[in-house]
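What follows is the residue order along each chain.
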Amino acid sequence: MLEDMDRSLRCSVGNAWSREIPGRYQKVAVMCWYTSGGKSMPQLVKYQDGEGYIHTIRDICVVRSDEKRSAGHMSRRYECRGMEEEREMLFILFYHPSREIWDMAMQNG
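If you're wondering where the values come from, they're calculated on a predicted model, not measured in any experiment. (Residues numbered from 1 in each chain as written. Predicted model: local features only at pLDDT ≥ 70, side-chain atom pairs only at ≥ 80, totals over all residues. Heavy atoms only, no water.)

Participant: Account for the pattern of salt bridges, with residues named and values stated.
Facilitator: Considering all chains together, one arrives at six salt bridges under this definition. Across the pair Glu79 and Arg64 runs a salt bridge whose closest N-O atoms are separated by 2.8 Å. Residue Glu79 is found in strand E5 (residues 73-84), and its partner Arg64 is found in strand E4 (residues 54-70); the two are separated by 15 residues along the sequence. A relative accessible area of 42% places Arg64 in the partly exposed class. A salt bridge links Arg76 to Glu67; its shortest N-O distance comes to 3.3 Å. (Salt bridge = Lys/Arg side-chain N within 4 Å of Asp/Glu carboxyl O. Helix = DSSP H or I, 4+ residues; strand = E, 2+ residues; numbered from the N terminus. Buried < 20%, exposed > 50% of the residue type's maximum accessible area, 1.4 Å probe, protein only.)

Participant: If you had to explain unusual backbone geometry to someone new, which residues and values would you point to?
Facilitator: The residue Ala71 is not glycine, and still its phi comes out positive at about 55°. The topology assignment puts Ala71 in the loop between E4 and E5. Even without being a glycine, Glu85 presents a positive backbone phi close to 55°. Mapped onto the elements of the fold, Glu85 is located in the loop between E5 and strand E6 (87-96). Take Glu85: its relative accessible area is 72%, and that puts it in the exposed class.

Honestly, that's just the spatial picture; any functional story needs more than this.
Structure, rendered in structure tokens:
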């Protein structure tokens, strides 16, 4: 299961920059815009930290997205940048249509 498992993630921003992002998967709430052509574009993410505080990531820029299939289940992966208060965040969103849930992996710290 993806939730709460430590992972090392690779986030590529453009062609020029690539770095490892150690992080944790967690369930998140996502506000998403769908174009008339069916393209999904995450706009806002809310997540709860270990102390119970709710955080909001805004101004999301999807750098890259792709579709994955594993054991017959489809998921969509979004490599993103966004702002939480005054801090830029790098994170990866995963949408699982068969379960209608979102997971996020973000840099620890």
